[in-house]
Amino acid sequence: MALKHGAHVATEARMLNAMTLAGAPVPEVLHQTGRMLFLEWLDEAPASDAGWRALGEGLRLLHDTTGSDYGWPEAHAFGPLPLRNDPADRWPEFWAGARLRPFVSLLSGALPSRIEALAAALPERLPTHPAPALLHGDLWSGNALFGALRTWMIDPACYHGDAEVDLAMLELFTAPPAAFRQGYGATAPDRISRRAIYQLFPALVHLHLFGGGYAGLVDRLLTETGH
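Residues numbered from 1 in each chain as written. Predicted model: local features only at pLDDT ≥ 70, side-chain atom pairs only at ≥ 80, totals over all residues. Heavy atoms only, no water.

Colleague: It is not clear to me how the pairing of strand E2 (residues 29–33) should be interpreted in this structure. Could you clarify?
Modeller: As a general feature of sheets, a regular strand has side chains that alternate between the two faces. Of the strand pairs in this sheet, E2 and strand E3 (residues 36–39) are connected by four bridges, and their pairing is antiparallel. Bridging across to E3, Gln32 finds its partner in Leu37. (Pairing = 2+ DSSP bridges. Helix = DSSP H or I, 4+ residues; strand = E, 2+ residues; numbered from the N terminus.)

This is the structure:
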């Protein structure tokens, strides 16, 4: 049994339960009370092609579960950084309002105006009504726990949105092997044109939480978006 302690463990338990209902591989929630969350203990093993393929298959199951709008019924947070999830009917509206514009007041120099310009352009850059897939929401390689026979997704920050968000996040700091793509299946042939827009959000989170070492990454992604 594993124990997590924190202010947002009740929200995490509800997210893990939603992912379980979708058939996605996540640790079982054993009990949650107050600031404590008791989870199934998971035995780790080195990453392998079979493990990456299992991750792709599990993520596809998650994304095949859809909601009625974009967002999530409750707010969340990355440490001290609040994460808005106010529901929206249009995907560009959600991404601009909940994932980009909250950083405008937190940054200085040219970054706020560049982010604002990108946010204003999103109706022409993102699909208006992609399937509102159930997203992990923070799927970097450290939140994929490889075991001997399966791969689990841990530490979710769930909401409903474009499935490409999770793929872009996974590709921000690593290069998933072909086995992952084989497990996940087909994606839109033009999704790379949107990847930097989706990667900008976790890059901004890292810049805010961990400092100027991520300024170059934010600048590069903004430049890739044309802003």
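This is not the end of the story, as more comes after the structure.
Colleague: For this particular structure, what's the right way to read the side chain of Gln199?
Modeller: When you line up the elements, Gln199 lands in helix H7 (residues 192–210). Those residues in contact with Gln199 that lie beyond four places of it in its chain are Ala168, Glu171, Leu172 and Leu221. (Contact = heavy atoms within 4.5 Å.)

Colleague: Before we go on, may I ask you to explain the environment of Ala77 in this structure?
Modeller: Mapping Ala77 onto the fold places it in strand E4 (residues 76–78). Residue Ala77 is classed as buried on the basis of its relative accessible area, which comes to 12%. Taking the C-alpha atoms as reference points, Ala77 and Ala157, 80 residues apart in sequence, are found 8.0 Å from one another. What Ala77 contacts, discounting residues up to four positions off in sequence, is His8, Pro82 and Leu83. (Buried < 20%, exposed > 50% of the residue type's maximum accessible area, 1.4 Å probe, protein only.)

Colleague: What is the right way to look at the sheet that holds E2 in this model?
Modeller: Strand pairing in a sheet relies on backbone hydrogen bonds, with the paired strands running either antiparallel or parallel. The sheet built from three strands is open, its strands ordered E1-E3-E2 with antiparallel pairing. If you trace the sheet from one side to the other, it starts and ends with strand E1 (2–5) and E2, each paired once. Looking at each pair of strands side by side, their axes are set apart by 15 degrees on average, direction ignored. Where E1 and E3 come together, four bridges link them in antiparallel fashion. Note on E3: the bridge partner recorded for Ala2 is Leu39. (Axes fitted to C-alpha atoms, helices over the stretch in contact; angles between N-to-C directions.)

Colleague: What is the right way to look at the pattern of salt bridges in this model?
Modeller: Once the charged atoms of two side chains with opposite charge are near each other, the side chains can pair. This structure, assessed with the given rule, holds 11 salt bridges. Residues Arg194 and Asp190 are paired through a salt bridge, measuring 3.0 Å at the closest nitrogen-oxygen approach. Taking the relative accessible area as the measure of exposure, Asp190 reaches 41% and is therefore partly exposed. A cluster of three or more residues bridged by salt bridges with shared partners is formed by Lys4, Glu12 and Asp155. (Salt bridge = Lys/Arg side-chain N within 4 Å of Asp/Glu carboxyl O.)

Colleague: Even after reading the chapter, I still don't get the packing of H7 against helix H8 (residues 215–224), so can you show me in this structure?
Modeller: Pairs of packed helices are described in terms of their axes, by the angle between the two and the distance that separates them. At a minimum axis distance of 9 Å, the contact between H7 and H8 shows a crossing angle of 160 degrees. Accordingly, the angle class assigned to the pair H7 and H8 is roughly antiparallel. At the point where H7 passes H8, the crossing takes the left-handed sense. Where H7 abuts H8, its residues Ala196, Gln199, Leu200, Ala203, Leu204 and Leu207 lie against Ala215, Leu217, Val218, Leu221, Leu222 and Glu224. Classifying every residue of the contact of H7 with H8 gives 10 nonpolar, one polar and one charged. (Parallel < 35°, antiparallel > 145°, perpendicular 65-115°, else oblique. Left-handed = near helix turned anticlockwise from the far one by under 90°. Nonpolar A, V, L, I, M, F, W, Y, C, P; charged D, E, K, R; others polar.)

Colleague: I tried to follow the nonpolar core on my own but got confused; where do I start?
Modeller: Side chains that are nonpolar tend, in soluble globular proteins, to be buried together. With 67 residues, the main nonpolar core has Trp91 and Trp95 as its most contacted residues. It is H7 that provides the largest number of residues to this core, a total of nine residues. When residues no more than four places from it in sequence are discounted, the contact partners of Trp91 are Tyr70, Leu126, Pro127, Thr128, Pro130, Tyr159, His160, Gly161, Asp162, Val165 and Tyr198. (Core = buried A, V, L, I, M, F, W, Y, C linked by side-chain atoms within 4.5 Å.)

Colleague: I would appreciate a short explanation of the packing of aromatic side chains in the present structure.
Modeller: Between two aromatic rings, the relevant description is the distance of the centres plus the angle of the planes. Inspection of the entire model under this criterion finds 13 aromatic pairs. What links up through ring pairs into an aromatic cluster is the set Tyr70, Phe78, Trp91, Phe94, Trp95, Phe103, Tyr159, Tyr198 and Phe201. Geometry around Tyr184 places Arg60 over its ring, the cationic atom sitting 4.1 Å from the centre. (Phe/Tyr/Trp six-rings, centres within 6.5 Å; stacked < 30°, edge-to-face > 60°. Lys NZ or Arg CZ within 6 Å of the ring centre and 35° of its normal.)

Colleague: Looking at this model, I keep getting lost on the packing of helix H4 (residues 111–125) against H7. Mind explaining?
Modeller: Where H4 meets H7, the axes come as close as 12 Å, and the angle between the chain directions of the two elements is 145 degrees. The way H4 lies across H7 gives a crossing that is left-handed. For the pair formed by H4 and H7, the contact residues are Leu111, Ile115, Leu118, Leu122 and Arg125 on the first element and Ser193, Arg194, Ile197, Leu200, Leu204 and Leu207 on the second. A class-by-class count of the residues in the contact of H4 with H7 yields eight nonpolar, one polar and two charged.

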